[in-house]
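Given next are the chains, with one letter for each unit.
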Amino acid sequence: MAIRKWHVGKLVLLWAWGIFLCAILIRVIVGITDALPGLFLVGAVLAILIALSVITWKWFGAKEQ
């Protein structure tokens, strides 16, 4: 199913899960003392937020047409 045909609720649910996962990862990052796993988890948080932003951008872009 194309992103442009998504219902608003699906986008809100996707963001809710993304924020939830990022919050969990941030709590894990705070407790990590090694640099490499922390760097990996920071990259995962950034990847989640970037993916959500791209999906939202495509969805809003389709609504303008």
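You'll find the structure just up there.
Along each chain, the written sequence defines residue order, and numbers are assigned to residues from 1. The predicted nature of this model means local features are confined to residues of pLDDT at least 70 and side-chain atom pairs, given and counted, to a pLDDT of 80 or more, with totals for whole chains, interfaces and linings taken over all residues. No hydrogens and no water enter the side-chain calculation; it runs on all heavy atoms of the structure.

## A few points about the packing of aromatic side chains
Here comes step 1: Paired rings are identified among Phe, Tyr and Trp, the last through its six-membered ring, by centres lying within 6.5 Å, and are further divided according to the angle between planes into stacked (under 30 degrees), edge-to-face (over 60) and tilted (the rest). Applying the stated criterion across every chain, the model contains two aromatic pairs.
Here comes step 2: Judged by centre distance (5.8 Å) and plane angle (85°), the ring pair of Trp17 and Phe20 falls under edge-to-face. On the criterion of helical spacing, the pair formed by Trp17 and Phe20 is a turn pair, its members being three residues apart in helix H1 (residues 8–31).
Here comes step 3: Burial classification: accessible surface area is computed with a 1.4 Å probe over protein chains only, and a residue below 20% of its type maximum counts as buried, one above 50% as exposed, and the rest as partly exposed. On the basis of relative accessible area, Phe20 is assigned to the partly exposed category, the value being 45%.
Here comes step 4: Look at Trp59 and Phe60: their rings are 5.0 Å apart centre to centre, the planes differ by 65°, and that puts the pair in the edge-to-face class.
Here comes step 5: Among the residues examined, Trp59 registers a relative accessible area of 7% and is labelled buried. In this description a helix means any DSSP run of H or I spanning at least four residues, a strand means any run of E spanning at least two, and both kinds are numbered starting from the N terminus.

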